[in-house]
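Letter by letter, the chains look like this.
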Amino acid sequence: MLIDSDAYQRILGEELRKLRTQRGWTRKELGERLQSGISLQTLATYELGTRQCSVVRLAELCLAMGELPQNLLARVHDRLFEQAADQVRVDLADVVADDQPELLPLRRWARGRLAAGGSSDVRFDRATLEQLASLCDLRTDELLTRLKRLSATTTL
């Protein structure tokens, strides 16, 4: 298996930025929470994926934001290597922002999860998709297509 290092850095940066913005922090506020000195420019280049950070720096960034580094890396891995045709990764913020009437039951659940502080990044397997499709009065393949379309609009 080959790793596209540019794509990996970009996705890692996106996940770091997402963590920070979910907390409502500026880069300056994150920098103030780190034990080591780091410039705002350096933080920006990590988030843009144009600069690599060391494992220790990555762990420091994650822990300052209350995230286990292995969970962040698992999300990066999933995004980079997601191959399963019957699974879909969805950003619940996209679901909440969407206005398809058929997705109302899913939108309600997504709002509740986000309000409770749950991760906005979820992955639905086949069994979950079947249950959600039933709730939304759609065929499973129709729901899968709609969710993939939603997630495709935010993937760079």
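Residues numbered from 1 in each chain as written. Predicted model: local features only at pLDDT ≥ 70, side-chain atom pairs only at ≥ 80, totals over all residues. Heavy atoms only, no water.

*Asks:* How would you sum up the side chain of Arg107? Please name residues and give values.
*Replies:* As for its placement among the helices and strands, Arg107 is situated in helix 7 (residues 104-115). In this structure Arg107 is buried but unpaired, with Asp98 as the nearest side chain of opposite charge at 4.1 Å. Contact partners of Arg107, with chain neighbours within four places excluded, come to Val95, Val96, Asp98, Asp99, Gln100 and Pro101. (Helix = DSSP H or I, 4+ residues; strand = E, 2+ residues; numbered from the N terminus. Buried < 20%, exposed > 50% of the residue type's maximum accessible area, 1.4 Å probe, protein only. Lys, Arg positive; Asp, Glu negative; His and termini not counted. Salt bridge = Lys/Arg side-chain N within 4 Å of Asp/Glu carboxyl O. Contact = heavy atoms within 4.5 Å.)

*Asks:* Mind laying out the packing of aromatic side chains, listing which residues take part and the relevant values?
*Replies:* Summed over the entire model, instances satisfying the criterion amount to one aromatic pair. Measuring from centroid to centroid gives 6.1 Å for Trp109 and Phe124, while their planes differ by 55°, and the two rings are tilted. Of this pair, Trp109 sits in helix 7 while Phe124 sits in strand 2 (residues 121-124), and the two are 15 residues apart along the sequence. Accessibility expressed as a relative area gives 5% for Phe124, which makes it buried. Lying across the ring of Trp25, Arg33 places its NZ or CZ 3.9 Å from the centre. (Phe/Tyr/Trp six-rings, centres within 6.5 Å; stacked < 30°, edge-to-face > 60°. Lys NZ or Arg CZ within 6 Å of the ring centre and 35° of its normal.)

*Asks:* I'd love a proper account of unusual backbone geometry, names of residues and values included.
*Replies:* The phi dihedral of Asp137 falls on the positive side, at around 60°, and the residue is not glycine. By relative accessible area, which is 71% here, Asp137 ends up exposed.

*Asks:* Quick one: what's the story with the packing of helix 4 (residues 55-64) against helix 5 (residues 69-81), residue by residue and with numbers?
*Replies:* The interhelical angle for the contact between helix 4 and helix 5, taken along N-to-C directions, is 105°, at an axis separation of 9 Å. Accordingly, the angle class assigned to the pair helix 4 and helix 5 is roughly perpendicular. Of helix 5, the residues touching helix 4 (which contributes Leu58, Ala59, Cys62 and Leu63) are Pro69, Leu72 and Leu73. Looking at side-chain class alone, the contact of helix 4 with helix 5 contains seven nonpolar, no polar and no charged residues. (Axes fitted to C-alpha atoms, helices over the stretch in contact; angles between N-to-C directions. Parallel < 35°, antiparallel > 145°, perpendicular 65-115°, else oblique. Nonpolar A, V, L, I, M, F, W, Y, C, P; charged D, E, K, R; others polar.)

*Asks:* So what about the pairing of strand 1 (residues 88-91)? Which residues, and what values?
*Replies:* Side chains of strand 1 alternate between two faces, with Val88 and Val90 and Arg89 and Asp91 buried alike. Judged from the four bridges that link them, strand 1 and strand 2 form a sheet pairing that is antiparallel. Within the sheet, the bridge partner assigned to Val90 lies in strand 2 and is Val122. (Pairing = 2+ DSSP bridges.)

*Asks:* A description of the environment of Asp78 should follow, citing residues and the corresponding values.
*Replies:* In this fold, Asp78 is placed in helix 5. Taking the C-alpha atoms as reference, Asp78 lies 11 Å from Tyr8; in sequence the two are 70 residues apart. Within the structure, Asp78 has its side chain in polar contact with the side chain of Arg123 (distance 3.4 Å). (Polar contact = N/O pair within 3.5 Å; in protein donor to acceptor, adjacent residues only side chain to side chain.)

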